[in-house]
Amino acid sequence: MGAGGREVSISLDGVRDKNLMQLKKLNTALFPVRYNDKYYADALASGEFTKLAYYCDICVGSIACRLEKKEGGAVRVYIMTLGVLAPYRGLGVGTKLLNHVLDLCMKQNIGEVYLHVQTNNEDAIKFYKKFGFEITETIHNYYTNITPPDCYVVTKFVAQPQTKK
C-alpha cells in the first residue's frame, strides 16, 4: 500500500537493446564505478535475470546478473548490480527485484547466488542478510578507485523444491 492507502504499482521490465540506456543512466546515478561493454553484454545475455524496476511508471531501479558455469556444469548467478534510486528506497522495489531473481533460481534449479559488497555498505549487507545471504569471504583491495577497497562475497544457497517421488 502506498501513501493514503492506495495500492502502489511496482513493475519489472526486461532489458533489451532499445532500453539499455535506462540501465546505463541508472548505473551512473547509483554506483561509484563505470561499467564496461562486457557488463552490459552479460546483462543482456542473462535474459530474465536482468530487470528494470518502475515505480508508478518511473524507472527507479534495476538488477543486472551474469550466469556463470561452475566446474561440473552447474550454473550460478552473480548479481553484478542491484540498485534503487535513493528517494524510492524502502518501498519494496529492491525486494521485488531480488525476489524475482531468487524465484527464477528456484524454477531453473540454480542453487547459488552471490555478489560483492563493499565492506562499509552496511545497508546492503543488512538487506541481503534479510534474504538469507551470508558473508562467505572477504577480498582485500578488490576495488581500485573507491575507499575502502575491500569487499565481502555475499552468498545465498537457494533451496531447491523437493520433487515428489
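Residues numbered from 1 in each chain as written. Predicted model: local features only at pLDDT ≥ 70, side-chain atom pairs only at ≥ 80, totals over all residues. Heavy atoms only, no water.

- An unreviewed UniProt entry lists the chain under the name N-alpha-acetyltransferase 50, with Sesamum indicum given as the organism.

Topic: the UniProt feature "domain: N-acetyltransferase" (unreviewed entry) in the chain
Here is step 1: The positions UniProt marks with the feature "domain: N-acetyltransferase" (unreviewed entry) are residues 10-159.
Here is step 2: Regarding residues 10-159, the helix share stands at 29% and the strand share at 35%, and the terminal C-alpha atoms are separated by 26 Å. (UniProt positions renumbered as here; feature names shortened; annotations may be inferred. Helix = DSSP H or I, 4+ residues; strand = E, 2+ residues; numbered from the N terminus.)

Remarks on the pairing of strand β2 (residues 51-55)
Here is step 1: Most of β2 sits inside the fold, with five of its five residues counted as buried.
Here is step 2: Of the two faces of β2, the one holding Lys51, Ala53 and Tyr55 and the one holding Leu52 and Tyr54 are both buried throughout.
Here is step 3: Of the pairings in the sheet, the one linking strand β1 (residues 10-14) to β2 comprises five bridges and is antiparallel in character. When the sheet's bridge partners are listed, aspartate 13 is paired in β2 with leucine 52.
Here is step 4: Inspection of the sheet shows β2 paired to strand β3 (residues 58-69) by five bridges, in the antiparallel sense. The residue of β3 that forms the bridge with alanine 53 is glycine 61. (Buried < 20%, exposed > 50% of the residue type's maximum accessible area, 1.4 Å probe, protein only. Pairing = 2+ DSSP bridges.)

Things to note about the layout of surface pockets
Gaps left between atoms show up when a probe the size of a water molecule is rolled over them.
Here is step 1: Volume-wise, the largest pocket comes out at about 1,300 Å³.
Here is step 2: Lining the largest pocket are 43 residues; nearest its centre among them are Phe31, Leu82, Asn121, Ala124 and Tyr128.
Here is step 3: Among the secondary structure elements, those contributing two or more residues to the lining of the largest pocket are α2 (37-45), β4 (75-84), α3 (93-107), β5 (112-118) and α4 (122-130).
Here is step 4: Top element by residues in the lining of the largest pocket is β4. It accounts for seven residues.
Here is step 5: Grouping the constituent residues of the lining of the largest pocket by class yields 22 nonpolar, 13 polar and eight charged. (1 Å grid on protein atoms, 1.4 Å probe; cavity = no way out; pocket = protein on both sides within 12 Å on 5 of 7 lines; lining within 4 Å. Points joined across faces, edges and corners; volume = space filled by probe spheres on them. Nonpolar A, V, L, I, M, F, W, Y, C, P; charged D, E, K, R; others polar.)

Comments concerning the packing of helix α1 (residues 20-30) against α2
Here is step 1: Where α1 meets α2, the axes come as close as 12 Å, and the angle between the chain directions of the two elements is 125 degrees. Between α1 and α2, the crossing angle belongs to the class labelled oblique. In this structure, the crossing between α1 and α2 has a hand that is right-handed. Side by side, α1 and α2 meet where Leu20, Leu23, Lys24 and Asn27 of the first sit next to Tyr39, Tyr40, Ala43 and Leu44 of the second.
Here is step 2: Each residue belonging to the contact of α1 with α2 can be placed in one class, and the counts come to six nonpolar, one polar and one charged. (Axes fitted to C-alpha atoms, helices over the stretch in contact; angles between N-to-C directions. Parallel < 35°, antiparallel > 145°, perpendicular 65-115°, else oblique. Left-handed = near helix turned anticlockwise from the far one by under 90°. Contact = heavy atoms within 4.5 Å.)

Section: the pairing of β4
Here is step 1: With eight of ten residues buried, β4 is to be regarded as a mostly interior element.
Here is step 2: Inspection of the sheet shows β3 paired to β4 by nine bridges, in the antiparallel sense. The residue of β4 that forms the bridge with serine 62 is glycine 83.
Here is step 3: Since β4 and β5 lie parallel, the crossover through α3 that links them has a hand, and here it is right-handed. (Right-handed = clockwise from strand over helix to strand, strands pointing away.)

Structural notes on α3
Here is step 1: Taking 1.5 Å per residue, 15 residues should reach 21 Å; α3 reaches 21 Å between its end C-alpha atoms and fits that length.
Here is step 2: Residues Val93, Gly94, Leu97, Leu98, His100, Val101, Leu102, Leu104 and Cys105 constitute the buried set of α3.
Here is step 3: Just downstream of α3 lies asparagine 109, where phi reads positive at about 55 degrees. (Expected span 1.5 Å × (residues − 1).)

A short note on the environment of glutamine 118
Here is step 1: Secondary-structure assignment places glutamine 118 in strand β5.
Here is step 2: Here glutamine 118 is in contact with Ile125, Tyr143, Ile146, Thr147, Pro148, Asp150 and Cys151, once residues within four sequence places are set aside.
Here is step 3: A polar contact is formed between the side chain of glutamine 118 and the backbone oxygen of proline 148, at a distance of 2.9 Å. (Polar contact = N/O pair within 3.5 Å; in protein donor to acceptor, adjacent residues only side chain to side chain.)

Some points on the sheet that holds β1
Here is step 1: Overall, mixed pairing links the seven strands, which are arranged β1-β2-β3-β4-β5-β7-β6 in an open sheet. Edge positions in the sheet fall to β1 and β6 (134-139), since each of these pairs with one other strand and no more. The mean inter-strand angle of the sheet, taken between neighbouring strand axes irrespective of direction, is 25 degrees.
Here is step 2: Packed on one face of the sheet, α1 meets β2, β3 and β4 and runs near 100 degrees to β3.
Here is step 3: This element, α3, spans β1, β2, β3, β4, β5 and β7 (151-157) of the sheet and lies at about 170 degrees to β4.

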